[in-house]
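Reading the structure
Each chain, written out:
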Amino acid sequence: MTAWRETGEGLELFVRVTPNASATRIEGIETRDDGSDVLRIRVTAPPDRNKANKAVAALVASAFGLAKSRVAIISGETARLKLLRIDGPAGPLASKAKNLFQSDA
């Protein structure tokens, strides 16, 4: 199982966000107790007034080399577990995700 899935609109990422962190970074894939995988992200932004969500979208866009407008939070806006959508061709985006986040790929 991976922390993303290809869709007709692009790539969906399953993420777990920690706001108010000491640094903004993508830590990698984490397997949760239920066996699902999530992409672990930490941001220095606080969770109020959508600041952490904006920081997450900007960080993911930067990692993929895309404009921030191509990344959207489609569920979990007020939760730590979020579902993000990256608009674009799913195949190349999935390949990029594999290269970026799976060290044993």
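Residues numbered from 1 in each chain as written. Predicted model: local features only at pLDDT ≥ 70, side-chain atom pairs only at ≥ 80, totals over all residues. Heavy atoms only, no water.

1. A look at the confidence of the model for the protein
What counts is decided by this rule: For every residue, the pLDDT score states the predictor's confidence, bounded by 0 at the bottom and 100 at the top. Secondary structure elements are taken from DSSP: a helix is a run of H or I of four residues or more, a strand is a run of E of two residues or more, and numbering for both begins at the N terminus.
For the protein, the average pLDDT comes to 94, and 96% of its residues sit at 70 or higher. Model confidence for the protein, summarised as mean pLDDT per element, is weakest for helix α2 (residues 90–101) at 93 and strongest for strand β6 (residues 81–87) at 98.

2. Focus on the packing of aromatic side chains
In plain terms, the rule: Think of it this way: a Phe, Tyr or Trp ring, Trp meaning its six-membered ring, pairs with another when their centres are within 6.5 Å, and the plane angle makes it stacked under 30 degrees, edge-to-face over 60, tilted otherwise. Using a 1.4 Å probe on the protein chains alone, a residue whose accessible area is under 20% of its type maximum counts as buried, one over 50% counts as exposed, and one in between counts as partly exposed.
Under the counting rule described, the total for this entry stands at two aromatic pairs. Geometrically, the ring pair formed by Trp 4 and Phe 101 is tilted, given 6.3 Å between the ring centres and 55° between the ring planes. In this pair, Trp 4 is assigned in strand β1 (residues 4–6) and Phe 101 in helix α2, connecting sequence segments 97 residues apart. In this structure, Trp 4 and Phe 101 share a single accessibility class: buried. By the ring-pair criterion, three or more aromatic residues cluster together here, those being Trp 4, Phe 64 and Phe 101.

3. Here's the deal with α2
Spelled out, the test is: Here a helix's expected span is defined as the number of its residues, less one, multiplied by 1.5 Å. Summarising the geometry, the arc corresponds to the directions from the helix axis toward the C-beta atoms. Only heavy atoms matter for contacts: two residues are in contact if any of them lie within 4.5 Å across the pair.
Between the first and last C-alpha of α2 there are 16 Å, a value that for 12 residues agrees with the 16 Å anticipated at 1.5 Å per step. Within the span of α2, buried status applies to Ala 90, Leu 93, Ala 94, Ala 97 and Phe 101. All buried residues of α2 project into a common sector of 100° when viewed along the axis, lining one side. Exposed residues on α2 whose side chains face more than 90 degrees from its buried face are Pro 92 and Asn 99. Summarising the contacts, the buried residues of α2 are in contact with β1, β2 (10–18), β3 (25–31), β4 (37–42), α1 (51–64) and β6.

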